[in-house]
Amino acid sequence: MPAVLTAVLGLTLTALAPAAQARTAPPAPPTVAAAFTEAAEEFDVPRDVLVAVGYGESRLDGHEGRPSQARGYGVMHLVDNPRQQTLREASRLTGVPVGTLRRDTAANIRGGAAVLRARADAAGLTGAERDRPAAWYEAVARYGGSSDDRAARFYADGVYDLLVQGVHARAEDGSAVTVRPTAVEPDRGAYADAAPLVAAPDYPSALWVPASTSNYKVGRTSAITAVVVHVTQGSYAGTISWIQNPASQVSAHYVVRSSDGQVTQMVREKDTAWHARSGNPYSVGIEHEGWVDQPSWFTDAMYRSSAALTRSIADRYGVPKDRAHIVGHVEVPGNDHTDPGPHWDWNRYMQLVGGSSTAPPQLTFSSYATLRAGSTGAQVSAAQWLLNAQGFNAGAVDGDFGTGTAAAVRAFQTAKGLAADGTVGPKTWTALLSAGARPVLKQGSTGEAVQRLQRALTAALARTVSADGIFGSGTAQAVRDYQSARGLTVDAEVGPATWGALQAGR
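Cut-offs used in this document
- Residues numbered from 1 in each chain as written.
- Predicted model: local features only at pLDDT ≥ 70, side-chain atom pairs only at ≥ 80, totals over all residues.
- Heavy atoms only, no water.
- UniProt positions renumbered as here; feature names shortened; annotations may be inferred.
- Helix = DSSP H or I, 4+ residues; strand = E, 2+ residues; numbered from the N terminus.
- Buried < 20%, exposed > 50% of the residue type's maximum accessible area, 1.4 Å probe, protein only.
- Contact = heavy atoms within 4.5 Å.
- 1 Å grid on protein atoms, 1.4 Å probe; cavity = no way out; pocket = protein on both sides within 12 Å on 5 of 7 lines; lining within 4 Å.
- Points joined across faces, edges and corners; volume = space filled by probe spheres on them.
- Nonpolar A, V, L, I, M, F, W, Y, C, P; charged D, E, K, R; others polar.

- The chain is annotated in an unreviewed UniProt entry as N-acetylmuramoyl-L-alanine amidase from Streptomyces zhihengii.
- Checking UniProt for the chain, the heading Catalytic activity (unreviewed entry) contains the comment "Hydrolyzes the link between N-acetylmuramoyl residues and L-amino acid residues in certain cell-wall glycopeptides."
- Checking UniProt for the chain, the heading Sequence similarities (unreviewed entry) contains the comment "Belongs to the N-acetylmuramoyl-L-alanine amidase 2 family."

Take a look at the structure:
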């Protein structure tokens, strides 16, 4: 081939190569801001209404495809649970696979727009009406998925509040998403006559939206001795809707909104909400809107409102305002949740509650070693914390058994009628671990007092008694063995005599 022709062909191929590559390269995905605009235009949904729905559901974060508590996905919270199937509906309307709708934010926004338009069509909106954000109220209310008209109105009112306030947010990709504040008087249509929510029965500052009766138990088997702090892993309205869903089999006594600290009560305090497994019978559960990995949800308004609620509960039931009784979901025995997570500011929260922010160290061990001056480690920290809690000043809980700790041990031993040798052996451990209130306990009892009992029995009997806070058959047998060995009535019931023996270090 002539050299000139070869050179020409080479130049031609070189010139064509970038064009060919450009034709085959996939287009860059739209920004979140652009995705809202494109989806709004495609489905003839007011863009600001679409953004307000998405912001209210997710703060414009898709959470990398992880589901909410109610099994909702993405920025638009497309739901896949037994009562609500907007994820599958969006797939049917758009032709986009369910898996893509879960993970791809632009596709998720497009799916949300399609569902919202379907709700507008069902409400009979004409082309001209679709141009007015105020006309979309019924469609928005139905998008929320609640079968209770009052709760549906509550959801839609929240979205329209965002339109009035405006939205200024950074989406997960860094793009700015803005809705200018607009005075909108919504056309409530079928929801105009829905009764407004009333004050809660136990905490009048809260609204009352009752949970499904399938999701809690009437009455309690234990006194209220703790408050459990949760994070919803979802939106405020979405959580309320989920707790109303009889298929969810979960509930909480209260839900707190991030933006302004608004509180909704869903289960009476006298009843047992299903929120913390072994902690259910003896605790009040408070859900906080947000995600454990996003500290932006934990606003000043939320902290202050929730702390006022917790303070009220503690005052009404005599719950100590400390970190042994005001705990996170992750701290309740027998639970596999991580909330409220590392971003929850316990120091700030407990200061607002008006109590101690010091969390107890590890108190549960399979056995308790004899401790004396010079000992170090986790069990020394446990003894120091227990001494301080009983008013015997052991100083800093630092795991170092020094002269201050020894003096506190001797003072405690003297007060309990034990040999004041400054050594923490089985008798002193038994008295320390059992110290506190003396409720009557028997098989079926649960709570903090049961854990104290189980730890004390582990020390007294020199064998491991599972400290799970549940008085089961194993604990009953341990109580019988202890009663028999100490010459007490053997009935497997922990009353004044058995508590008295334990707290005297017998």
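1. Observations regarding the environment of Leu-488
Turning to step 1, where the next piece is worked out: Within the secondary structure, Leu-488 is located in the loop between helix H16 (473–485) and helix H17 (496–503).
Turning to step 2, where the next piece is worked out: On the basis of relative accessible area, Leu-488 is assigned to the buried category, the value being 17%.
Turning to step 3, where the next piece is worked out: With 261 residues separating them along the chain, Leu-488 and Val-227 place their C-alpha atoms 34 Å apart.
Turning to step 4, where the next piece is worked out: Setting aside its immediate chain neighbours within four residues, Leu-488 contacts Tyr-482, Gln-483, Ala-497, Thr-498, Ala-501 and Arg-506.

2. Details of empty space enclosed by the protein
Turning to step 1, where the next piece is worked out: According to the stated counting rule, one finds four cavities of 30 Å³ or more in the structure shown.
Turning to step 2, where the next piece is worked out: Around the largest cavity, the lining is made up of 15 residues, and of these Val-79, Gln-84, Gly-144, Gly-238 and Ser-241 lie nearest the centre.
Turning to step 3, where the next piece is worked out: Per element, the largest residue contribution to the lining of the largest cavity is three residues, and it comes from helix H9 (residues 236–244).
Turning to step 4, where the next piece is worked out: Residue composition of the lining of the largest cavity, by class: five nonpolar, eight polar and two charged.

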